[in-house]
Amino acid sequence: MIEIPYIEGDGIGPEIFNAMKKVIDFAFEKTYNDKIKWIELLAGQKALNTTGELLPQNTIEAIKRYKTAIKGPLMTPVGSGYRSLNVTLRQVLDLYACIRPVKYVPGVPSPLKNPEKVDIIVFRENTEDVYAGIEWEAGSKEAERTREYLKEKFGISLREDTGIGLKPISKFASQRIVKKAVEYALKNNRKKITIVHKGNIMKYTEGAFRKWAYEIIEEKLKDEIDGKIEINDIITDNMFQQIILHPENYDVIVTTNLNGDYLSDATAALIGGIGLTAGVNMSDKVAVFEPVHGTAPDIAGKGLANPTAMILAGSMLLEYLGFGEAQEVIIAALKRVLESGKVTKDLALLMGREKYLSTGEFSEKILEAIEKDTV
């Protein structure tokens, strides 16, 4: 028996978690004749209702102890003192690498003519840039002092009604995300890594990210990748054009936080949307798996949520723990169900279908596909 800690999540979290749990349990028992013990950890609204805290220290310590977890989407209640629970978890656990695989599944509507060419892994630096959160509101004392300092010391004049933000990007954080991307590419036989940046304009942050990426590759990783992986780089705005026009040219993407945020959702749109995309936030010691979409409170409790991303997150977790055979069983069954057109409302609308399955019915179809090896 293996133990897997989980955070149920807010909004549609409980529905998609239960759907995922059924699929993971069934595939795991069928493949290994063994069971999973699920260990609930509290965070978000459920934690607040139960303990009076949004993110109890016990939850953080448990994730550190188990070194892995899976979570549903979390909503930060207004006035809670947290800007984002998701960001807080990433920071306190130093989950510096946000990794999102994006691969097309046949049968799902896509805006591309040839969506089958999409098979991209996005590595997003997860601790700096906008996540560092250094920002001052226009008219605040901090903004005024900063504006005066810039004018006095550097001769830089800003309008009085200017909000000011700092964009910290360090050599340390830049190089460790690049190293993580290289390690992944080598392990998974990926042939190309593209460094995405806006270094033509932001020369000492985005440009430095590019420079430091090439430095660590040249100084410490060259022998490992020589002849195995092609390294190149591209300006961020051009990247958005290229992934639409020529997605087949991109394999592993490594980039800064904000660029990665944009690109993760943009690449997901190429395969049908973020409802079909999962990811992992990880350090060198801890990995937390999750769907990349939000809590969708407008449809919570109505059985309309698509659990695909949550199921994919669970399958990624199994592969990470060394149970790749069960992951393959789940992915194969999920593909067969999606190709059959027996889908939840969001995908049915994209397919032009009037009939659709509930969250629970969709997960049952996957169970049938695993059991019968068909749909």
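Everything below is about the structure shown above.
In this report, the structure presented in the accompanying data block is examined. (Residues numbered from 1 in each chain as written. Predicted model: local features only at pLDDT ≥ 70, side-chain atom pairs only at ≥ 80, totals over all residues. Heavy atoms only, no water.)

**With respect to a nonpolar patch on the surface**
On the surface, Tyr149, Phe154 and Ile156 cluster together into a nonpolar patch covering about 330 Å² of accessible area. The topology assignment puts Phe154 in helix 5 (residues 141-154). The exposed category is assigned to Phe154, whose relative accessible area is 55%. (Patch = residues over 30% accessible without salt bridge, like charges linked within 9 Å, V, L, I, M, F, W, Y side chains within 5 Å. Areas by Shrake-Rupley, 256 points an atom, 1.4 Å probe, with all protein chains shown as cover. Salt bridge = Lys/Arg side-chain N within 4 Å of Asp/Glu carboxyl O. Helix = DSSP H or I, 4+ residues; strand = E, 2+ residues; numbered from the N terminus. Buried < 20%, exposed > 50% of the residue type's maximum accessible area, 1.4 Å probe, protein only.)

**Things to note about the packing of helix 8 (residues 236-245) against helix 9 (residues 257-269)**
The geometry of helix 8 relative to helix 9 is characterised by a closest axis approach of 11 Å and an angle of 10 degrees between their N-to-C directions. The orientation of helix 8 with respect to helix 9, classified from their angle, is roughly parallel. On helix 9, the residues touching Thr236, Met239, Phe240 and Ile243 of helix 8 are Asn259, Tyr262, Leu263, Ala266 and Thr267. Its residues assigned to classes, the contact of helix 8 with helix 9 comprises six nonpolar, three polar and no charged. (Axes fitted to C-alpha atoms, helices over the stretch in contact; angles between N-to-C directions. Parallel < 35°, antiparallel > 145°, perpendicular 65-115°, else oblique. Contact = heavy atoms within 4.5 Å. Nonpolar A, V, L, I, M, F, W, Y, C, P; charged D, E, K, R; others polar.)

**Brief notes about helix 1 (residues 13-32)**
For helix 1, with 20 residues, the first-to-last C-alpha span of 27 Å sits near the 28 Å given by 1.5 Å per residue. Those residues of helix 1 that sit buried are Gly13, Glu15, Ile16, Phe17, Ala19, Met20, Val23, Ile24, Asp25, Ala27 and Phe28. Positive backbone phi, approximately 55 degrees, marks Asn33, located one or two places after helix 1. (Expected span 1.5 Å × (residues − 1).)

**Some points on the nonpolar core**
Counting 85 residues, the largest nonpolar core has Trp38, Ile70, Val178, Val254 and Ile366 as the members making the most contacts within it. Non-local contacts of Val254, meaning those with residues more than four positions away in its chain, are made with Phe123, Ile177, Val178, Ala181, Ile193, Thr194, Ile195, Val196 and Phe209. Listed in part, the 16 residues of the second largest apolar core include Ala43, Leu54, Leu55 and Leu93. (Core = buried A, V, L, I, M, F, W, Y, C linked by side-chain atoms within 4.5 Å.)

**So, the environment of Thr162**
Within the secondary structure layout, Thr162 lies in the loop between helix 5 and strand 7 (164-166). Thr162 sits 19 residues away from Ala143 along the chain, and the two C-alpha atoms are 7.7 Å apart. If near-sequence neighbours (up to four positions away) are discounted, Thr162 is found in contact with Ala138 and Ala143.

**Notes on the sheet that holds strand 8 (residues 192-197)**
Through backbone hydrogen bonds, the strands of a sheet pair up, either in parallel or in antiparallel fashion. Read across the open sheet, the ten strands follow the order 2-1-3-12-11-4-5-10-8-9; overall the sheet is mixed. Of all strands in the sheet, those with a lone pairing partner are strand 2 (36-41) and strand 9 (230-235), marking the two edges. The average undirected angle you get between the axes of adjacent strands in this sheet is 25 degrees. Here strand 4 (residues 97-103) runs beside strand 11 (residues 278-282); their pairing, made up of three bridges, is antiparallel. Among the inter-strand pairings, Ala97 is bridged to a residue of strand 11, identified as Met282. Across the face of the sheet, helix 1 comes into contact with strand 1 (2-7), strand 2, strand 3 (68-71) and strand 12 (287-291) while running at roughly 155 degrees to strand 2. Sheet strands touched by helix 6 (residues 171-187): strand 4, strand 5 (119-125), strand 8, strand 10 (252-255) and strand 11. Its angle to strand 5, the strand with the most contacts, is close to 155 degrees. (Pairing = 2+ DSSP bridges.)

**Describing the environment of Ala69**
Structurally, Ala69 is set in strand 3. Taking the C-alpha atoms as reference points, Ala69 and Val280, separated by 211 residues in sequence, lie 9.7 Å from one another. Not counting residues up to four positions away in its chain, the partners in contact with Ala69 are Pro5, Ile63, Ala287, Val288 and Phe289.

**Brief notes about helix 13 (residues 359-372)**
The α-helix advances 3.6 residues per turn, and as a result positions three or four apart in sequence lie on the same side. In a regular helix each residue adds 1.5 Å, so 14 residues correspond to 20 Å; helix 13 covers 20 Å between its end C-alpha atoms and thus fits that length. Listed in full, the buried residues belonging to helix 13 are Thr359, Phe362, Ser363, Ile366, Leu367, Ala369 and Ile370. Within helix 13, the buried residues cover an arc of 160 degrees as seen down the axis, which keeps them to one side. Along its buried surface, helix 13 packs onto helix 1, helix 10 (308-320) and helix 11 (324-340). (Arc of directions from axis to C-beta.)

**Side note on empty space enclosed by the protein**
Enumeration according to the criterion identifies two cavities of 30 Å³ or more in this entry. One number sums up the size of the largest cavity: a volume of about 50 Å³. Around the largest cavity, the lining residues are Lys71, Asn86, Leu89, Arg90, Leu95, Asn281, Val288 and Glu290. Of all the secondary structure elements, the ones that give two or more residues to the lining of the largest cavity are helix 4 (85-92) and strand 12. (1 Å grid on protein atoms, 1.4 Å probe; cavity = no way out; pocket = protein on both sides within 12 Å on 5 of 7 lines; lining within 4 Å. Points joined across faces, edges and corners; volume = space filled by probe spheres on them.)

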